[in-house]
Amino acid sequence: MGNSFSFTKPLLETPFHERTYEACYNNDWYRWAGYKIAREYSNTELEYTAMRNTAGVLDITPMHKYDIKGTDAIKFVDKLVTRNVTEINSGQVMYIIWCNEDGNVIDDGTVFCFNSNHLRIFCAERNLNWFSDTAIGFNVEVEDVSDTIAALAFQGPLTCKILNLLNVKDIENLKPFYFDKFDLNGCKVTISRTGFSGDLGYEIWCKNEDAINVWDSLFTFNRDYKVLPAGMNALEMVRVEAGFIQPNADFMSAEQALRPNRVRNPYELGMGWLVDLNKNYFTGKKNLVNLKKKTLTKKLVGLDIQGDKPAIGSVLYDKNKKEIGIVTAGMWSPSLKSNIAFGYVDKDHMKIGSKVFAEIYHPEELEYKKIWAECSVVKKQFFNPPRRHKVPAEI
Amino acid sequence: MPKTKYDVAIVGGGHNGLTTACYLAKAGLKVAVIERHSYVGGAAVSRELHPGWTYSNCSYVCSLLRPEIFRDLELSKYGLQIIPYEGSATMLDDGRFYAHYSDHDLNYRSIAQFSKKDAEAYERFGKDVMRQCKIIKPLLKMTPPDPTSFRPKDIMGLLEFAKYFAAKDELGGLGEKEIYDTIRFWTMSVRDYLEEYFESDIVKAHLAGSAIIGTALGPYSPGSAYVLLHHYMGEVDGTVGAWGYSRGGMGSITKAMAASLKANGGDIIAGSPVTKILIKNNRSHGVVLENGDEIFADKLVSNLDVKRTFLKVVEKKELPDDFYNAVKNFKIRGSSGKLNIALDDLPIWKSIPEGDPAGTGDLHITQSIEEMEGAYDDWKDGRWSQFPYVDMCIPSINDPTMAPQGKHYMSVFVQYVPYNLADGGWTEEKRLEFGKHVMGRIGSYSENFNDIIKHAEIRTPKELEKEVGLTEGNIFQGELTMDQLMFNRPIPGYAQYKTPIKNLYMCGSSTHPGGGVMGAPGANAAREILIDLKKQFNSHYI
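Residues numbered from 1 in each chain as written. Chains lettered and ligands numbered in written order. Predicted model: local features only at pLDDT ≥ 70, side-chain atom pairs only at ≥ 80, totals over all residues. Heavy atoms only, no water.

### A few points about the overall build of chain B
- Of the regular secondary structure elements, chain B holds 16 helices and 20 strands.
- Expressed as lengths along the three principal axes of its C-alpha atoms, the size of chain B is roughly 65 × 55 × 50 Å.
- A buried classification covers 63% of the 542 residues belonging to chain B.
- The long-range share in chain B, meaning contacts at least 24 apart out of those at least 6 apart in sequence, stands at 72%.
- As displayed, chain B offers around 20,200 Å² of accessible surface, 51% of which is attributable to carbon and sulfur atoms.
- For chain B, the distance from the average site of its 61 positive side-chain charges to the average site of its 68 negative ones is 7 Å. (Helix = DSSP H or I, 4+ residues; strand = E, 2+ residues; numbered from the N terminus. Buried < 20%, exposed > 50% of the residue type's maximum accessible area, 1.4 Å probe, protein only. Contact = heavy atoms within 4.5 Å. Areas by Shrake-Rupley, 256 points an atom, 1.4 Å probe, with all protein chains shown as cover. Lys, Arg positive; Asp, Glu negative; His and termini not counted. Charge placed at Lys NZ, Arg CZ, Asp CG, Glu CD.)

### Structural notes on the overall build of chain A
- For chain A, the count of helices and strands is 8 helices and 19 strands.
- Relative to a compact globule of 395 residues, whose C-alpha radius of gyration would be 21 Å, chain A shows 21 Å and is just as compact.
- Taken across its 395 residues, chain A has 58% of its residues classed as buried.
- For chain A, the share of sequence-separated contacts (at least 6 apart) that also reach a separation of at least 24 residues comes to 66%.
- For chain A, the exposed area adds up to about 17,300 Å²; of that, 49% sits on carbon and sulfur atoms.
- Positive and negative side-chain charges in chain A, numbering 49 and 50 respectively, have mean positions lying 5 Å apart. (Rg over C-alpha atoms; globule rule 2.2 N^0.38 Å.)

### Brief notes about the interface of chain A and chain B
- On the chain B side, the residues contacting the 30 residues of chain A number 31 residues.
- The junction of chain A with chain B conceals about 2,500 Å² of combined surface from both sides, 51% of it contributed by carbon and sulfur atoms.
- Note that K177(B) and D102(A) form a salt bridge whose closest N and O atoms lie 3.0 Å from each other.
- Summed over the shared surface of chain A and chain B, the number is 13 residue pairs in polar contact (both at pLDDT 80 or more).
- In terms of residue count, the dominant contributor to the side of chain A that touches chain B is helix α4 (residues 128–135) of chain A (4 residues). (Buried area = accessible area lost by both parts, 1.4 Å probe. Salt bridge = Lys/Arg side-chain N within 4 Å of Asp/Glu carboxyl O. Polar contact = N/O pair within 3.5 Å; in protein donor to acceptor, adjacent residues only side chain to side chain.)

### A short note on the confidence of the model for chain B
- On average, residues of chain B score 94 in pLDDT, and 99% of them are at 70 or above.
- Predicted as a complex, the structure gets a pTM of 0.93 and an ipTM equal to 0.92. (pLDDT = per-residue confidence, 0-100.)

### With respect to the side chain of T20(B)
- Mapped onto the fold, T20(B) is located in helix α1 (residues 15–26).
- At a separation of 2.8 Å, a polar atom in the side chain of T20(B) contacts the main-chain carbonyl oxygen of G522(B).

### Notes on the state of the cysteines
Residues and elements named next belong to chain A.
- Tallied over the entire structure, the rule returns 0 disulfides over all chains.
- The structure places no disulfide on C123, whose sulfur is separated from the nearest cysteine sulfur, that of C99, by 14 Å.
- As a non-bridged cysteine, C206 has C187 as the owner of its nearest cysteine sulfur, 7.0 Å distant. (Disulfide = S-S within 2.5 Å.)

### So, the pairing of strand β3 (residues 47–50) of chain B
Residues and elements named next belong to chain B.
- Where β3 lies against strand β4 (residues 53–55), 2 bridges are found, and the strand directions are antiparallel. Residue pairing in the sheet places R47 in a bridge with Y55 of β4.
- Between β3 and β4, which pair antiparallel and follow one another directly, the connecting turn spans 2 residues, one of which, G52, has a positive phi of 95 degrees. (Pairing = 2+ DSSP bridges.)

### Looking at the sheet that holds strand β3 (residues 55–59) of chain A
All names here are of chain A.
- Spatial strand order, β10-β11-β12-β9-β3-β13: 6 strands in an open sheet with mixed pairing. Both edges of this open sheet fall to β10 (179–184) and β13 (227–229), since each of them pairs with a single strand only. Between one strand axis and the next, the sheet turns through 30 degrees on average, direction left out of account.
- With 6 bridges joining them, β10 and strand β11 (residues 187–192) adopt antiparallel strand pairing. Bridged to F182 within β11 is V189.
- Packed on one face of the sheet, helix α2 (residues 44–53) meets β3, β9 (149–155) and β13 and runs near 120 degrees to β3. (Axes fitted to C-alpha atoms, helices over the stretch in contact; angles between N-to-C directions.)

### Quick notes on the environment of F16(A)
Residue and element names in this part refer to chain A.
- Mapped onto the fold, F16 is located in the segment before α1 (17–23).
- Distance in space between the C-alpha atoms of F16 and N208 is 8.5 Å, their sequence separation being 192 residues.
- Non-local contacts of F16, meaning those with residues more than four positions away in its chain, are made with D59, T61, A150, A151, L152, C206, A211, I212 and W215.

### Some points on the packing of α1(B) against helix α16 (residues 520–532) of chain B
All names here are of chain B.
- Close contact between α1 and α16 brings their axes to 7 Å; oriented N to C, the two are set at 35 degrees. Taken as a pair, α1 and α16 cross one another with a handedness that is right-handed. Residues N16, T19, T20, Y23 and L24 of α1 touch α16, and the partners they reach there are A520, P521, G522, A523, A525, A526, I529 and L530.
- Along the lines of polarity and charge, the residues of the contact of α1 with α16 split into 9 nonpolar, 4 polar and no charged. (Left-handed = near helix turned anticlockwise from the far one by under 90°. Nonpolar A, V, L, I, M, F, W, Y, C, P; charged D, E, K, R; others polar.)

### Examining the packing of aromatic side chains
- What the rule picks out here adds up to 38 aromatic pairs over all chains.
- Cluster of aromatic residues (ring-pair linked, three or more members): Y122(B), F125(B), F185(B), Y193(B), Y197(B), F198(B) and Y232(B).
- The ring of W372(A) carries K321(A) above its face, with NZ or CZ at 4.8 Å from the centroid.
- Above the plane of the ring of Y419(B) lies K462(B), whose end atom (NZ or CZ) is 3.8 Å from the centre. (Phe/Tyr/Trp six-rings, centres within 6.5 Å; stacked < 30°, edge-to-face > 60°. Lys NZ or Arg CZ within 6 Å of the ring centre and 35° of its normal.)

### Observations concerning the environment of D378(B)
All names here are of chain B.
- Looking at where D378 falls in the secondary structure, it is placed in helix α13 (residues 369–380).
- When the C-alpha positions of D378 and Y416 are compared, they lie 7.8 Å apart, and in sequence the two are 38 residues distant.
- The contacts of D378, once residues within four sequence positions are left out, are R383, W384, S385, Q386 and F387.

### Focus on the nonpolar core
- By size, the foremost hydrophobic cluster in this structure holds 97 residues, and its most contacted members are L24(B), F125(B) and F198(B).
- If you tally residues by element for this core, the top one is helix α4 (residues 116–140) of chain B, at 9 residues.
- The contacts of F125(B), once residues within four sequence positions are left out, are Y193(B), L194(B), Y197(B), F198(B), L207(B), L228(B) and Y232(B).
- I60(A), F112(A), F114(A) and V145(A) belong to the second-largest nonpolar core, a separate cluster that totals 46 residues. (Core = buried A, V, L, I, M, F, W, Y, C linked by side-chain atoms within 4.5 Å.)

### Some remarks on the side chain of S88(B)
- Within the fold, S88(B) resides in strand β6 (residues 88–91).
- When sequence neighbours within four positions are dropped, the list of residues in contact with S88(B) reads Y98(B), A99(B), H100(B), H206(B), A358(B) and D362(B).

### Quick look at the sheet that holds β6(B)
Residues and elements named next belong to chain B.
- Strand order across the open sheet formed by 7 strands is β7-β6-β16-β17-β18-β15-β19, with mixed pairing between neighbours. Taken across any chain shown, the strands that pair with only one partner, and hence form the sheet edges, are β7 (97–100) and β19 (453–459). Put simply, the sheet's adjacent strands are angled 20 degrees from each other on average, direction ignored.
- Lying over the sheet, helix α15 (residues 461–468) contacts β15 (336–343) and β19, oriented at roughly 80 degrees with respect to β19.

As structure tokens, then:
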């Protein structure tokens, strides 16, 4: 990648950089795991709209990728994560979270099963040490392959159509949370029907040397179907609409929190459905069994907020103006024409339909307008169109 | 000599003595600082020992100076400026070097060159040490409550600390686990501590340096991990653990303090070595100077270390025997040497390329923790380390006032150097031989170092003791080990800046929270004195 160590280049460039650099008119870069990723290419609203209307292309190369190889690969992952993965099939993807022994969430990610001796975990935070420590005693090798695989998220309603036009054979029959090997414009690639947008979409994994070819191919039909590269700002919008939470944004990773009370367990994050207490021992199980029995004191919920001013960073109150929590992510949703957010609420306001209040400070020409906005507690998954799940996918 | 009687006289014009004096003067008291030398500063001085060059010839970098004190004493107004600097590096014999950068991503990649696991572990290490810094921060400003006392003040102090420890907002509600961690951290060896995080020798060696600087402990000695914390708990503008230069050398700190003191009506009586503290009926009331003059004050404060105070200037007959014995047993062992070098040019390093920001910070020479322990073994055997841990910096890269244009000043801190040599004590020849040995070590890492030396001041613990008055040349006015920290510092039962002599207080680094150019002992002592005088302690520091 031409990325040997130099103090003049604190940030690495992905194999797509030649293209992303050309497309990033705003020259506005975001740091993601030591890589330079466009925050905004030219217009966040248009980049967002591409993902909801045609297709958007996101460089997700900085995602951490860990190969798990060996006869105990499945057993190892089953000890690591809260979900039962023993039944995973070749070609299947599972959404997973893993906790520390206290039962607090370290990170989330996806696991890809190539075969029973080879799995691969994708995640947002670095986990080499955690995985390696867990691997002791298993016949398994954990290898950080992050730098060897280039990756694009290709998200939006026209993605299947475009891949089909590119002669990616049988792509429409790839089911959500499955992956396979395909031929794309002469390159051998792995495509999974996964993504962070909560819409129809794919993630394309290729060799570094094929990156430019793969990138270019996705824009082949741009005259008819306007595909845009999308930056991190647009990604943030779609992921909130989709109800996906992020470590160190919506909760502090249990291994990174400086203050012990900032960590969260899966139940507090609304991820109880990912915890299988009936499966064999896994890291955190003992404490999760106890936590399950306890009444939750706080929970991350979806909020539908009055008015149109985003509640970013707002404090949440009950009707008596008692502080009950905080908003972790908030936005005006163009698709829903709603003011949506994720926020923590206390035990009296966790139920869907509960009413809480957000104190929003909205800047208006050097003055702050203080808005007291009523919020309804709703499901975090704000946006979930049928086309996301349809098989075969729309061509 | 004016025959004025002072409310308070401070013996010794180091940074802590000046800090105490400033707070007392600001509270409206008539205050004098009595200093042996013609200049103030103690171990925080800037001295022109070679024409055109300014040496920070004792302490050389600044991080621990509490920002509240900076603010209270208006040190900016009196010319003090702290310049943050970038990075640090450790050079290895095989031509490799490990560089540490303030840029998070660059630093990750720098460590990853040696070990990806260590690069990741550094995040956890940083978080854990930061948590310890947060725990200790409020303790620095506290007069240590005595856990054996039932006085309301001590009980309140203990409660206050317990409350802080458990507070939800400040520290995020520390639980059992964090208490275990804290006790382990305060008592472990730095080698064992780093072993829990890292696998690469060079990463461990680089980080272990902070645990042995100024300390007569080796990296394998229990208690050395705390010394690392002591060097990490400072800050530059909110960046915890960052270090900076004081513009114009470390003397700018004490010069600014002296100016602040004068502006508040305080006197500085320089060139006046105190030979005796006058005591009558177990109460101190003045001092006798070398020339026979006497200065009288209602209260006296000693900025001298606890041994110098009670073994040299207070007469034995005035002291309880158990206290006297405890003072005699106080550990204050010299273990460090210092070279201050005027350079004709910038050194060119064999390993670190020109322009690398890591090369503008502190540069270390050491191969491994094992080598550092070997260096400590030499010290125990009464000889300077054959392979010393060397901590160098070139302040003139960042501070244009330290050397003539195009020339440079290099500060070289050397660990370990004994106070007494096994083969018959220090001589002038041995001092020069020691200097030559260290410069030879540095020279082997540089293309041009040997050719650009214009002048070198070579200091062993003997020189440090002779010039600054630090017993045995211990830079912290006493070891920073658990038996001598908190309510045990300097002497159990006398950790609250008071002494067995009425109206005689202590304010130096021998007292809590210990050494480093921090000012906290001085400010804490001032607060205790003002409480005794039923006066207000006005500070951002509370």
